[in-house]
Amino acid sequence: MNSLLLGGFLAVMMTGVPIAIAMGIASLLYIWASGSIPPLTVVHRMVGGIDSFPLLAVPFFILAGNLMNSAGVTNRIYDFALALVGWLKGGLGHVNVVGSVVFAGMSGTAVADAGGLGTIEIKAMKDHGYPTDFAVGITAASSTLGPIIPPSLPMVIYGVQANTSIGKLFAAGFLPGAMMALFMMLMVAYYAHVRKYGSDIAFSWRRMGGAFFELFFVALAALALYFLWSADAESLGGLVRFGVPLIAVCVADKVFRFDAFMALLTPVILIGGMASGLFTPTEAAVAAVAWALFLGFVWYRTLSWRMFVKVSMDTIETTAVVLFIVASASIFAWVLTTTRVTDAIGVWVLSISDNPYVFLLLANLFLLFVGCFMETIAAITILVPVFMPIVAKLGIDPVHFGLVMVLNLMIGLLTPPVGMVLFVLQKVARISFEATVKAILPWLTPLLVTLAIITYWPSGVLWLPSVLFPK
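As a starting point, this report considers the structure included with it.

**Focus on the overall build of the protein chain**
If you tally the helices and strands in the protein chain, you get 24 helices and zero strands. Compactness check: the protein chain gives a C-alpha radius of gyration of 23 Å against a globular reference of 23 Å for 471 residues, within 12% of the reference. Principal-axis analysis of the C-alpha atoms places the extent of the protein chain at approximately 70 × 60 × 50 Å. Considering only intrachain contacts with a sequence separation of at least 6, the fraction spanning at least 24 residues in the protein chain is 79%. For the protein chain, the exposed surface amounts to about 20,200 Å²; the carbon and sulfur share of it is 70%. Within the protein chain, one finds 22 positive and 20 negative side-chain charges whose respective centroids are separated by 7 Å.

**A word on the packing of helix H12 (residues 205-230) against helix H13 (residues 238-256)**
The contact between H12 and H13 brings their axes to 11 Å, and the two run at 170°. Comparing their axes, H13 and H12 come out roughly antiparallel. Here Phe213, Phe217, Leu225, Leu228 and Trp229 of H12 lie close against H13, whose contacting residues are Val240, Arg241, Phe242, Pro245, Ala252 and Phe256. Residues that form the contact of H12 with H13 fall into these classes: ten nonpolar, no polar and one charged.

**Here we look at the pattern of salt bridges**
Summed over the entire model, instances satisfying the criterion amount to four salt bridges. The salt bridge partner of Lys123 is Asp127, with a shortest N-O separation of 3.0 Å. Placement of both Lys123 and Asp127 in helix H7 (residues 110-127) is noted, with a separation of four residues, approximately one turn of the helix. Classification of Asp127 by relative accessible area gives exposed; the value is 55%.

Criteria and cut-off values
- Residues numbered from 1 in each chain as written.
- Predicted model: local features only at pLDDT ≥ 70, side-chain atom pairs only at ≥ 80, totals over all residues.
- Heavy atoms only, no water.
- Helix = DSSP H or I, 4+ residues; strand = E, 2+ residues; numbered from the N terminus.
- Rg over C-alpha atoms; globule rule 2.2 N^0.38 Å.
- Contact = heavy atoms within 4.5 Å.
- Areas by Shrake-Rupley, 256 points an atom, 1.4 Å probe, with all protein chains shown as cover.
- Lys, Arg positive; Asp, Glu negative; His and termini not counted.
- Charge placed at Lys NZ, Arg CZ, Asp CG, Glu CD.
- Axes fitted to C-alpha atoms, helices over the stretch in contact; angles between N-to-C directions.
- Parallel < 35°, antiparallel > 145°, perpendicular 65-115°, else oblique.
- Nonpolar A, V, L, I, M, F, W, Y, C, P; charged D, E, K, R; others polar.
- Salt bridge = Lys/Arg side-chain N within 4 Å of Asp/Glu carboxyl O.
- Buried < 20%, exposed > 50% of the residue type's maximum accessible area, 1.4 Å probe, protein only.

Shape descriptors only; they carry no functional weight alone.
Right, dumping it as structure tokens:
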């Protein structure tokens, strides 16, 4: 029976059927063959798999990212990154990384980064004479920062499946994200030295000072918001907690004529609100949409109602696909658990070694393999019930393992045959699939180095969650 379930899934998937449908068909085959489970169980379990309050964050984070792209916020982020690091050798490569770091605090998905910022970055790099392979490679690698630096769509799915604090998962992503960005910039510097790339804008104290001045005001706003939102709600009225800060940042933006200040506040609002306890990660997604609407309709006035309707329809389509995958994976994972396949896998893994470091090595190798063939959301929904009992027995923190799992699957987005970022950048750069894969391969190095560090340095990953979310 277990062979029917797993074999049926692999056989259907190999015919080219979408993975979500393959999981549903395999589950139906098993239920039909067992004769003891009512077929309606499929419907009940699929509905139950998406009947979750934290999953409400999914459509709102997708909508927030789409609104930021449509409202022209990505252009402002690019210009800010250019002013900050464009004067370095290999300047637009560094701009690519810094821009993705900022955009990661808004979208939460790698595909949105690759399709949004990537379109601007690849065109600019090609116009400045950079080889296409270099532009595509760094754009692909930096897009993986989206789901690591909070907010993160895969972390929301993992938190729901593993019954783990999504706020802690978000906080745990900061240090790995910073390491990834640093290693990518070091690799850009290496290529710039070897290939003799120059800077893309002239060094200017005024331009760079303006960018750091903007960052300084963002830090001030972050501190002010944190203290305001952490204060006793009864001692402060809504005007003081929300109205006064909004007026203050609007005045500062107008007085100093900042370019990306309001956009840079997006991650500040999200993380500050969650860390201060003002709202949950799910409510943070709603706050992100509200802020994106304010920027698009009121502040920058770059968003029209026609664009909003189109963005909303795109969001509905993407959300439907994601939640259908979650629903199908839920019934498949339920069947795996019911048949005790997960227990058998746990016993088999622990028979190899009960050393947590050995398990993490095996888990990394397995997840890197799975990431080549399976979509991220489906992989998380299916594999979390398999891994969690083993993780609990070995004393591995589920937040730490969540970061390891998500980063592995982000690397999978850059590997053939089903890496989504590959297909997006192939279309953006207008090159062949094979050329896209070849361009991306060297840029797996900084990602794998970061993966090795966070796998075997759990205290570094868990430090910030322990500070922001003390027990």
